[in-house]
Amino acid sequence: MKNLNDKELMDVNGGGVSIGAIVGIAAGITFIVGLIDGLFRPLKCN
């Protein structure tokens, strides 16, 4: 295992979450909640 110096530590990238990932996760959760709600509480269209 190699120990990194200060400059090398500043150059390390990773672990960030993109806005697209957040939107995708939120859309997935919304879809799942809507699906479950529709299965357990079906409502007629007006």
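Residues numbered from 1 in each chain as written. Predicted model: local features only at pLDDT ≥ 70, side-chain atom pairs only at ≥ 80, totals over all residues. Heavy atoms only, no water.

Some details on the overall build of the chain
Looking only at helices and strands, the chain features two helices and zero strands. Dimensions of the chain, computed from C-alpha atoms along their principal axes, come out at roughly 65 × 20 × 10 Å. Looking at the 46 residues of the chain, the share that counts as buried comes to 0%. A total of about 4700 Å² of accessible surface is found on the chain, and carbon and sulfur atoms cover 67% of it. (Helix = DSSP H or I, 4+ residues; strand = E, 2+ residues; numbered from the N terminus. Buried < 20%, exposed > 50% of the residue type's maximum accessible area, 1.4 Å probe, protein only. Areas by Shrake-Rupley, 256 points an atom, 1.4 Å probe, with all protein chains shown as cover.)

A short note on the pattern of salt bridges
In total, this model carries three salt bridges according to the counting rule given. Here K2 makes a salt bridge to E8, at a shortest N to O gap of 3.2 Å. Accessibility expressed as a relative area gives 59% for K2, which makes it exposed. Residue D37 is joined to R41 by a salt bridge in which the shortest nitrogen-to-oxygen separation is 2.9 Å. On the basis of relative accessibility, which here comes to 33%, the residue D37 falls in the partly exposed class. (Salt bridge = Lys/Arg side-chain N within 4 Å of Asp/Glu carboxyl O.)

What about a nonpolar patch on the surface?
There is a patch of nonpolar side chains on the surface, built from F31, I32, L35, I36, L39 and F40 and spanning about 690 Å² of accessible area. Within the fold, F31 resides in helix α2 (residues 19-40). Using a relative accessible area of 56% as the deciding quantity, one classes F31 as exposed. (Patch = residues over 30% accessible without salt bridge, like charges linked within 9 Å, V, L, I, M, F, W, Y side chains within 5 Å.)

Side note on the environment of G15
Relative to the assigned elements, G15 resides in the loop between α1 (6-10) and α2. Each C-alpha atom, one on G15 and one on K44, is 45 Å from the other, the two residues being 29 residues apart in sequence.

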